[in-house]
Amino acid sequence: GLDFFYTTKSHALQFMDFVSSVVPIKTKASERLISADTHSNTYNYKFTFLCDIAPICKDDLVCLPPNITSKISNNAPIVICHRVSQVMSFINPSTLITGELAPNVFWKQPFRSVGTPKQLTEFVVLDIEPTGVTHGKFVLADCQVARAADMGVNDLVRHTRTHLGHVLKPGDSALGYDLTTMNFNESDFQGHRHLNTVEIMLVKKHYPKREKKRRFRQWKLKTIDKQAMDTVRPHDEQRLEHDYEEFLQELEEDPELRSR
C-alpha cells in the first residue's frame, strides 16, 4: 500500500474525493487525540483515512458471483471489464450485454479477477463478419483468428464472437484470453453449476509496431514529485519503463480516460 501525509484534514479529504471519482473505493476513518489544553478548550487530533481500491482493472477477465450475474450480465458469468471509473463496467463479448457494478454492491461480496492483461495472447484476425447487432460503439461480429505464435507452424483456426467488430479487420492483430490454456481455481467459479464459455475472448486491438518505436505524443502526462530510490536494479528499471509505456499507450487509445 501507499501512505500519504497531509498537514490539514481538508487536504486529505480532497484527495479522497479525487480517488473516489476515478476508481471504486471503500473508505474508513479514525481519529486519535494527540494533545489537549483544557484551559483554552483546544484539542489536537490525528486523523487517519483508510482507502481500499477494488482489485478489478480495465481489460481484466472476471467471473461474476451468481447473484450479481443474474442482475447485470443475463446469467453469463464470464465477462470482461471494459471500463473502470466510479463504477465498474462489464461486457460479454459474445452477446454485447453490458452491466455496471457500483462500489457498495461490490464490497458486499468482493471478488477478484480470474485473468489479467499480462495473460493476454496475441491473435491474428483471419476473417471477420459483423452480425448487425450493435450496442453503443461496440459491434458484434463473428471472427476467425489464429494465435500469432502458431502462424507458419500449424493451421489451427479458432472461431469466436467479439464486440470489436467496429475496429478489427482481416490482417489485424488483437489481444485476447485463450481460456483453453489458462489455469483457474475452483473457488473462482464457486456457485456456478454450468459454465458455457467460449475458447477465445478478444479484448482489444493490438498494434505490434508501436512497441518497436515510441510515437511522438502531443500531450504530456503530469506526475507528482517523487524521491528516487538509492539502488534500483536494471531489471526493475526496465520493467517500470515498460509498464509506464503500456500505460501511455492505453491513454492514447482511450480518449475518455485521457480526459479525466
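Criteria and cut-off values
Residues numbered from 1 in each chain as written. Predicted model: local features only at pLDDT ≥ 70, side-chain atom pairs only at ≥ 80, totals over all residues. Heavy atoms only, no water. Salt bridge = Lys/Arg side-chain N within 4 Å of Asp/Glu carboxyl O. Buried < 20%, exposed > 50% of the residue type's maximum accessible area, 1.4 Å probe, protein only. Helix = DSSP H or I, 4+ residues; strand = E, 2+ residues; numbered from the N terminus. Expected span 1.5 Å × (residues − 1). Pairing = 2+ DSSP bridges. Axes fitted to C-alpha atoms, helices over the stretch in contact; angles between N-to-C directions. Arc of directions from axis to C-beta. Contact = heavy atoms within 4.5 Å. Patch = residues over 30% accessible without salt bridge, like charges linked within 9 Å, V, L, I, M, F, W, Y side chains within 5 Å. Areas by Shrake-Rupley, 256 points an atom, 1.4 Å probe, with all protein chains shown as cover. 1 Å grid on protein atoms, 1.4 Å probe; cavity = no way out; pocket = protein on both sides within 12 Å on 5 of 7 lines; lining within 4 Å. Points joined across faces, edges and corners; volume = space filled by probe spheres on them. Nonpolar A, V, L, I, M, F, W, Y, C, P; charged D, E, K, R; others polar. Phe/Tyr/Trp six-rings, centres within 6.5 Å; stacked < 30°, edge-to-face > 60°. Lys NZ or Arg CZ within 6 Å of the ring centre and 35° of its normal.

Enquirer: Can you walk me through the pattern of salt bridges in this structure?
Expert: Working definition: two side chains of opposite charge can pair if their charged atoms are close together. As enumerated under the stated definition, the model contains 11 salt bridges in all. Put simply, Lys58 and Asp59 hold a salt bridge, and the shortest N to O gap is 3.7 Å. What makes Lys58 partly exposed here is its relative accessible area of 27%. Put simply, Arg83 and Glu100 hold a salt bridge, and the shortest N to O gap is 3.7 Å. Here Arg83, found in strand 4 (residues 78-84), pairs with Glu100, found in strand 6 (residues 98-101); they are 17 residues apart in sequence, far enough to count as distant. Through salt bridges with shared partners, a single network forms among Arg147, Asp150, Arg158 and Asp178.

Enquirer: I would appreciate a short explanation of helix 5 (residues 234-253) in the present structure.
Expert: Helical periodicity: at 3.6 residues per turn, an α-helix aligns residues three or four positions apart in one direction. Between its first and last C-alpha, helix 5 extends 29 Å over 20 residues, near the 28 Å set by a 1.5 Å rise per residue. Within helix 5, the full set of buried residues consists of Asp236, Glu245, Leu248, Gln249, Leu251 and Glu252.

Enquirer: It is not clear to me how the sheet that holds strand 11 (residues 173-178) should be interpreted in this structure. Could you clarify?
Expert: Two pairing modes exist for strands in a sheet, parallel and antiparallel, and in both the strands are linked by backbone hydrogen bonds. Taken together, the five strands give an open sheet; going across it, the order is 10-9-8-11-12, and neighbouring strands pair in antiparallel fashion. Two strands in the sheet have a free side with no partner beyond their single neighbour: strand 10 (158-162) and strand 12 (200-206). Across this sheet, the average inter-strand angle for adjacent strands is 40°, counted without regard to direction. As defined by bridge partners, strand 8 (residues 121-135) adjoins strand 11 across four bridges and the pair is classed as antiparallel. Bridge pairing links Phe123 to Ala174 in strand 11.

Enquirer: It is not clear to me how unusual backbone geometry should be interpreted in this structure. Could you clarify?
Expert: What is expected of a backbone is that most residues other than glycine have negative phi and most peptide bonds are trans. Even without being glycine, Asn41 reaches a positive phi, approximately 60°. Structurally, the position occupied by Asn41 is in the loop between strand 1 (25-37) and strand 2 (42-53).

Enquirer: Where do I start with the sheet that holds strand 6 in this structure?
Expert: The strand order across the open sheet formed by five strands is 6-5-4-3-7, and the pairing between neighbours is antiparallel. Strands at the two margins of the open sheet, each flanked by one partner only, are strand 6 and strand 7 (113-115). For this sheet, the mean angle separating the axes of adjacent strands, direction not counted, is 45°.

Enquirer: What am I meant to see in helix 1 (residues 9-22) here?
Expert: Relative to the 20 Å expected for 14 residues at 1.5 Å per residue, helix 1 spans 21 Å between its end C-alpha atoms, a close match to the ideal helical length. Within the span of helix 1, buried status applies to Ala12, Met16, Val19 and Val22. Angular distribution of buried residues about the axis of helix 1 spans 135°; they occupy a single face of the element. Away from its buried face by more than 90 degrees, helix 1 exposes Gln14, Asp17 and Phe18. Those residues of helix 1 hidden inside the fold are in contact with strand 1, strand 2 and strand 4.

Enquirer: I would appreciate a short explanation of the environment of Ile56 in the present structure.
Expert: Residue position: Ile56 is located in the loop between strand 2 and strand 3 (61-63). Distance in space between the C-alpha atoms of Ile56 and Val84 is 8.0 Å, their sequence separation being 28 residues. Discounting residues that sit within four places of it in the chain, Ile56 has contacts with Val62, Cys81, Val84, Met88, Phe90, Phe106, Phe111, Arg112 and Ser113.

Enquirer: In this structure, what is going on with a nonpolar patch on the surface? I would like to understand it.
Expert: On the surface, Leu2, Phe4, Tyr6 and Ile224 cluster together into a nonpolar patch covering about 470 Å² of accessible area. Its place among the elements puts Phe4 in the segment before helix 1. Residue class for Phe4 comes out partly exposed when judged on its relative accessible area of 42%.

Enquirer: Help me understand the layout of surface pockets in this model?
Expert: Taken as a whole, the second largest pocket encloses approximately 520 Å³ of empty space. Lining the second largest pocket we find 20 residues, and of these Lys58, Lys137, Leu164, Lys204 and Glu253 sit closest to its centre. Among the elements of the structure, strand 4, strand 12, helix 5 and helix 6 (255-258) are those that each provide at least two residues to the lining of the second largest pocket. Its residues placed into classes, the lining of the second largest pocket shows seven nonpolar, three polar and 10 charged.

Enquirer: It is not clear to me how the packing of aromatic side chains should be interpreted in this structure. Could you clarify?
Expert: Any pair of aromatic rings gets described here by the distance separating the centres and the angle formed by the planes. All told, the structure shown has five aromatic pairs when counted by the stated rule. Note on Tyr45 and Phe47: the rings are 6.2 Å apart at their centroids and 40° apart in plane angle, and the pair reads as tilted. A relative accessible area of 37% places Tyr45 in the partly exposed class. Their ring planes at 70° and their centres at 5.1 Å tell us that Phe106 and Phe111 sit as a pair that is edge-to-face. Just as Phe106 is buried, Phe111 falls in that class too. Cluster of aromatic residues (ring-pair linked, three or more members): Phe4, Tyr6 and Phe15. The ring centre of Phe47 lies 4.4 Å from the NZ or CZ of Lys9, which sits over that ring.

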